[in-house]
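Next come the chains, spelled out residue by residue.
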Amino acid sequence: MTIRTATRPDLDALYSIWCELMDSHEAYHPVFGYYRQAEPELKRVLLQRLQEPYTRFFVVENADGLMGLLVAMYQIGNNGMHFNRRGYIAETIVRPQYRRNGLGRLLFETAKDWLTRQGADHLELQVAVANPAGVQFWTALGFAPSTYHFVLPLTPPR
């Protein structure tokens, strides 16, 4: 098992595990839905994000391929605020057959170390309200709710 930063040659594997994450979340809320036929566009956006200087795709893999993914971003905000150097934890997944073995925690610790080195003074993330396992996981790592994130779709998916 290896944890590393993903690179461009990982794009197909990243897309596959990203789709797995979105597919598992689609039942939580329509905002997680995507168009399966939009693979070229979705991969283009993933590649763009992969190349951003303040974004890292951390992956854990074994001989069979990717076991998990965590996307971390460092962002500098308003200097007038107490906390203005945000570390953001975005897409996070450990494939079901590898869960409960500490891989999610290992991905998080790797991302947290990188974000700390970048200068982050706090970490943020979002968890689907209907995902109790996700809420429990992040709470166990010390995260606590600070706001409610509300979504109102204005049009049905095309």
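- Where an unreviewed UniProt entry is consulted, the protein appears under the name GNAT family N-acetyltransferase, with the organism given as Hymenobacter sublimis.

**So, the UniProt feature "domain: N-acetyltransferase" (unreviewed entry) in the protein**
Thought 1: UniProt records the feature "domain: N-acetyltransferase" (unreviewed entry) for residues 1-158 in the present numbering.
Thought 2: Secondary structure across residues 1-158 divides into 33% helix and 24% strand, with the first and last C-alpha atoms of the span separated by 40 Å.

**Here we look at the sheet that holds strand 5 (residues 122-125)**
Thought 1: Spatial ordering of the open sheet is given by 1-2-3-4-5, a layout of five strands whose pairing is mixed. Only two strands of the sheet have a single neighbouring strand rather than two, namely strand 1 (2-5) and strand 5. Averaged over all pairs of adjacent strands, the angle between their axes in this sheet comes to 25°, without regard to strand direction.
Thought 2: Inspection of the sheet shows strand 3 (residues 65-76) paired to strand 4 (residues 85-94) by eight bridges, in the antiparallel sense. Following the sheet pairing, Leu70 is matched in strand 4 by Thr92.
Thought 3: The strands touched by helix 2 (residues 39-50) are strand 2 (55-62), strand 3 and strand 4; relative to strand 2, the strand with the most contacts, the crossing angle is about 105°.
Thought 4: Against the sheet, helix 3 (residues 103-118) engages strand 1, strand 2, strand 3, strand 4 and strand 5, with an angle of about 25° to strand 3.

Scoring rules and cut-offs
Residues numbered from 1 in each chain as written. Predicted model: local features only at pLDDT ≥ 70, side-chain atom pairs only at ≥ 80, totals over all residues. Heavy atoms only, no water. UniProt positions renumbered as here; feature names shortened; annotations may be inferred. Helix = DSSP H or I, 4+ residues; strand = E, 2+ residues; numbered from the N terminus. Pairing = 2+ DSSP bridges. Axes fitted to C-alpha atoms, helices over the stretch in contact; angles between N-to-C directions. Contact = heavy atoms within 4.5 Å.

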